[in-house]
Structure formats: C-alpha cells, structure tokens
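# Close look at the chain arrangement
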Amino acid sequence: TSALGEILLARHNRVDAKRLLALLDKVSSNTRPVLYKVLDKTITIALLPAIVAKTDCPEPMVRVYLISLLARFKTPESTGTLIKMLGDPNKLVRQSALKALAQINSPQYTAEICALLKDPDLTVQATAIETLATINAPDTIRHLIEVLQDDSEYIRRAAVEVLNEVGNQSAIKDLLVALRDADWWVKVRAADALGTIGGPKVFEAVLQLIK
C-alpha cells in the first residue's frame, strides 16, 4: 500500500481525485492516510461538489478529513456545509468544523457557532469559545444573551468567557440594553454570570459604564 501511495504521489497530475474520494470510506483505516496524501495534492475547487456530497459518509474520521478540504475554499457552499456539520453526532467532527470556520473567519454564522457553547462535550464548547474569539463578529453579543440565561453554570461561564475575549465597553453596554426589557429572572441570571465569572474586560467595561 505504501509503495502504491508513492507511485500515485509521483503521478498525482494523472490521478482521478474523484475516484479516490469515492474510495475513502471503502478502504481500511490504515490505507486512508495514503489516500489523504494524494488527495491533498490533487484536490481543486472543481471537486467541491463531490467533497460536499461525501460528507454524508458513515466514517467520522473521513468526515474530519473532508472538513480540512472544505476549509481550503472560502465559498458559500463550503461554509454552508461546515455549518451543517456543527450538528454532527460525532464530537471530533463538530470540533473540526469549528476550527475550520475559525480558519475561514466568516462572521455570518455567529448564531450557529454560539449554539455550540451549549455542546455537551467540554472540548467542543472550548473550541466554540476560541472560534468566536477568532472571528470576533460585531453581532456576537446579541447571540450570547440566550446563552447567559441557561440553567447550566458551565454554559453561562462559556458565554462570559467569550465576552472576555470580544467584549468592550460598547459591547457590555449593548448587552445591558438588550436585557432592559427582559424578565427579571433573565436579568438576574445574566448579571450573576457577569459578576461571578466575569474577567478583566467585563469588569473594566462595567466600571467605565458606572462612571
């Protein structure tokens, strides 16, 4: 297998990448790395529809690899597919999709990424925090309001950690204004999270607003 991989790499300009894509979930896990190396050299944007179609394959690690290919193309089709994969049943796939979205750095899908702050897996949740911090979209605060109301302290903590990365005086002010018309228990829960968990950026912003 290794020798065949070397031959394919040496002749990668003549390889039918679409056929290799079709084989990914048909071969053993030991053979896949050989195909990955060849595909890395042969994939072009012309194969994007075939990559998107293959993301429905049953093998989680193949889906993780396909995400790395999708991250190369900053197109609505590739980004939309990555957003869809945020709902994948496998935590490694969800985490990989978040990292790819951070790489693409598109601010359009903040709401969908914020939803992953509620992910049951803490590593996925932590990656969602990092992704939101990297993208730093202007509407992030608006989507954190619902997360700050969650019953789980871990989820509320995740929202405040994002605030500490992207928040400033203006952002905290927007958050407080948005909470103005909310029910009292929403205000209490959000204020409790900000006060108990909040870091330097949150405190500095609140102090400025007090002045």
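Going by the structure above, here's the rest.
Report on the accompanying structure.

Conventions used here
- Residues numbered from 1 in each chain as written.
- Predicted model: local features only at pLDDT ≥ 70, side-chain atom pairs only at ≥ 80, totals over all residues.
- Heavy atoms only, no water.
- Helix = DSSP H or I, 4+ residues; strand = E, 2+ residues; numbered from the N terminus.
- Rg over C-alpha atoms; globule rule 2.2 N^0.38 Å.
- Contact = heavy atoms within 4.5 Å.
- Areas by Shrake-Rupley, 256 points an atom, 1.4 Å probe, with all protein chains shown as cover.
- Phe/Tyr/Trp six-rings, centres within 6.5 Å; stacked < 30°, edge-to-face > 60°.
- Buried < 20%, exposed > 50% of the residue type's maximum accessible area, 1.4 Å probe, protein only.
- Expected span 1.5 Å × (residues − 1).
- Polar contact = N/O pair within 3.5 Å; in protein donor to acceptor, adjacent residues only side chain to side chain.

A tally of regular secondary structure across the chain gives 14 helices and zero strands. Listing the helices and strands of the chain from first to last along the sequence gives α-α-α-α-α-α-α-α-α-α-α-α-α-α. Compactness check: the chain gives a C-alpha radius of gyration of 21 Å against a globular reference of 17 Å for 211 residues, more than 25% above the reference. Long-range pairs, those at least 24 residues apart, make up 67% of the contacts in the chain with a sequence separation of at least 6. Looking at the chain as shown, the accessible area adds up to about 11,300 Å², and 54% of this sits on carbon and sulfur atoms.

Attention shifts here to the packing of aromatic side chains. Throughout the structure, instances matching the rule amount to one aromatic pair. Judged by centre distance (4.0 Å) and plane angle (15°), the ring pair of Tyr-36 and Tyr-65 falls under stacked. Taken together, the residues Tyr-36 in helix H3 (residues 32-42) and Tyr-65 in helix H5 (residues 60-70) connect sequence positions 29 residues apart. The exposure class assigned to Tyr-36 is buried, which follows from its relative accessible area of 16%.

So, on to helix H11 (residues 153-166). The end-to-end C-alpha distance of H11, which contains 14 residues, comes to 20 Å, matching closely the 20 Å that a straight helix rising 1.5 Å per residue would cover. Listing the buried residues of H11 in full gives Ile-155, Arg-156, Ala-158, Ala-159, Val-160, Val-162, Leu-163, Asn-164 and Val-166. Each element contacted by the buried residues of H11 is listed here: helix H9 (122-135), helix H10 (140-148), helix H12 (169-179), helix H13 (184-197) and helix H14 (200-210). The opening residue of H11 is Ser-152, an N-cap whose side-chain oxygen sits 3.2 Å from the backbone nitrogen of Tyr-154.

With that out of the way, let us pick up helix H6 (residues 76-85). All of the buried residues in H6 are Ser-78, Thr-79, Thr-81, Leu-82, Ile-83 and Met-85. Against helix H4 (48-54), H5, helix H7 (91-104) and helix H8 (110-115) lie the buried residues of H6.

The next subject is the side chain of Arg-156. Considering the arrangement of structural elements, one finds Arg-156 in helix H11. In this structure Arg-156 comes out as buried when scored by relative accessible area, which is 12%. Residues in contact with Arg-156, not counting those within four places in the same chain, are Val-147, Leu-148, Asp-150, Asp-151, Arg-189, Asp-192, Ala-193 and Ile-197.

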